[in-house]
Amino acid sequence: MTQDELKQLVARAALDYVVEGKIVGVGTGSTARLFIDALAEIKDRIPGAVASSEDTRTRLLGHGIKVFDLNEVSDIPVYIDGADEITAEMHMIKGGGGALTREKIIAAVAQKFVCIADGSKLVDVLGRFPLPVEVIPMAQAYVARELAKLGGTPVLREGFVTDNGNVILDVKGLQIVDPVDLESRINQIVGVVTNGLFARRPADVCLLGMESGVKTFTAD
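Rules and cut-offs
- Along each chain, residues carry numbers from 1 onward, in the same order as the chain's sequence is written.
- In view of the model being predicted, local features appear only for residues whose pLDDT reaches at least 70, and side-chain atom pairs are presented and counted only at 80 or more, with totals across whole chains, interfaces and linings using the full set of residues.
- Side-chain numbers come from the whole structure's heavy atoms, not from hydrogens or water.
- Here a strand is any run of E in DSSP of at least two residues, a helix any run of H or I of at least four, and the numbering for each starts at the N terminus.
- Throughout, exposure labels follow a simple rule: accessible area from a 1.4 Å probe, protein chains only, divided by the maximum for the residue type, with under 20% read as buried, over 50% as exposed, and the rest as partly exposed.
- Here, residues are in contact when the closest pair of their heavy atoms is within 4.5 Å.
- What makes two strands pair is DSSP finding at least two bridges between them.
- Think of a polar contact as two N or O atoms within 3.5 Å of one another; within protein, one of them needs to be a possible hydrogen donor and the other a possible acceptor, and neighboring residues in sequence only count if both atoms come from side chains.
- Cysteine sulfur atoms that pair up within 2.5 Å are treated as a disulfide.
- What counts as an axis is a line fitted to C-alpha atoms, over the stretch in contact for a helix, and the angles between N-to-C directions run from 0 to 180 degrees.
- Salt bridge criterion: a side-chain nitrogen from Lys or Arg within 4 Å of a carboxyl oxygen from Asp or Glu.

Chemist: Where do I start with the environment of valine 109 in this structure?
Modeler: Mapped onto the elements of the fold, valine 109 is located in helix α4 (residues 100–109). Assessed through its relative accessible area of 34%, valine 109 is described here as partly exposed. Sequence separation between valine 109 and aspartate 69 is 40 residues, and the spatial gap between their C-alpha atoms is 13 Å. Setting aside residues no more than four positions away along its own chain, valine 109 makes contact with Leu70 and Ile76.

Chemist: Hey, could you run me through the sheet that holds strand β12 (residues 197–198) in this one?
Modeler: The pairing of strands in a sheet comes from backbone hydrogen bonds and takes either a parallel or an antiparallel form. If you walk across this open sheet you meet the 3 strands as β5-β6-β12, and the pairing is antiparallel. With one partner strand each, in any of the chains shown, β5 (85–86) and β12 form the two edges of the open sheet.

Chemist: Would you take a moment to explain the side chain of serine 52 for this structure?
Modeler: Along the chain, the position of serine 52 falls in the loop between β2 (49–51) and α3 (54–62). When its relative accessible area of 0% is taken as the criterion, serine 52 is described as buried. A polar contact is formed between the side chain of serine 52 and the backbone oxygen of valine 26, at a distance of 3.1 Å. At a separation of 2.7 Å, a polar atom in the side chain of serine 52 contacts the side chain of threonine 28. Once residues within four sequence positions are removed from consideration, serine 52 is found in contact with Val26, Gly27, Thr28, Tyr79, Ala99, Arg102, Glu103 and Ile106.

Chemist: Sorry, what's going on with the state of the cysteines here?
Modeler: As used in these notes, a disulfide is a covalent bond between sulfur atoms, one from each of two cysteines. Inspection of the entire model under this criterion finds 0 disulfides. Considering cysteine sulfurs only, cysteine 206 is the nearest to cysteine 115, which forms no disulfide, with 4.3 Å between them.

Chemist: It is not clear to me how the environment of glutamine 140 should be interpreted in this structure. Could you clarify?
Modeler: Inspection of the secondary structure puts glutamine 140 in helix α5 (residues 140–149). C-alpha separation for the pair glutamine 140 and valine 167, spaced 27 residues apart in sequence, amounts to 7.7 Å. Among all residues touching glutamine 140, those that are not within four sequence positions of it are Val135, Leu156, Val167 and Leu169.

Chemist: Teacher, can you tell me more about the sheet that holds β2 here?
Modeler: If you trace the 7 strands from one edge of the open sheet to the other, you get β3-β2-β1-β4-β7-β13-β14, paired in mixed fashion. Among the strands making up the open sheet, the edge pair consists of β3 (67–68) and β14 (213–218). Here 6 bridges tie strand β13 (residues 205–210) to β14, and the two strands are oriented antiparallel to one another. Counted as the bridge partner of leucine 207 is threonine 216 from β14. On the sheet, helix α1 (residues 3–13) packs against β7 (112–118), β13 and β14 and is oriented at approximately 145° with respect to β13. Packing of α4 onto the sheet brings it into contact with β1 (24–26), β2, β4 (78–81) and β7, and relative to β4 it is tilted by some 150°.

Chemist: I keep staring at the pattern of salt bridges and nothing clicks. Help me out?
Modeler: Scanning the entire structure with this criterion turns up 13 salt bridges. As a salt-bridge pair, lysine 104 and glutamate 183 come within 3.0 Å of each other at their nearest N and O atoms. A residue pair is termed long-range when its members are at least 10 positions apart, and lysine 104 in helix α4 and glutamate 183 in helix α6 (residues 179–187) qualify at 79 residues. Here the two residues lysine 104 and glutamate 183 agree in accessibility, since each one is buried. The partner of lysine 121 in a salt bridge is aspartate 118, with the nearest N and O atoms 2.7 Å apart. The exposure classification of lysine 121 matches that of aspartate 118, with both residues buried. Connected through salt bridges with shared partners, the residues Asp81, Lys94 and Glu103 form a single ionic network.

Structure follows, in structure tokens:
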């Protein structure tokens, strides 16, 4: 199967985690877009969704799915999103699509985080995929110097502005053996909004698209 076909498998499998009559949190990216397309088939069973980006919001609305502001919502049973990398411990790198901050906020609110990804995203150690860090524009140079001290090479994502009006530094060359610690250390740098490590709030379930079908993993 192609990578897109594997993504399609897990996108459809994630429908089993949608709670009827409840709002669902929806992530951003290619796999999340496929999930939105699948969600449209059962949109009459849910009141609507909370979107992690303007791109996701537009796609949900295009399918006739009502989009709620997170401030209007107190209960999100499940948040469904992809990952750029994920380990067996359910720690992830996210933010390739630039929506890491809003994704992290919705994940914090949700009772359950279901990660949907193709098998290539499963890794032993995070860091092959550059780690996105969302930064207040005036702090870009300072934050880059501080990130370099942690052993990575920060590169400005050219021509990109987040939905929050900020810039992203993609940090290359990291081998992240303690993602919980590194997530906290980066977030403590003044000028950082957040970074793409989802370790302090990892996924609860991972649906991984493999040649043999969808494999379900849970945190130990």
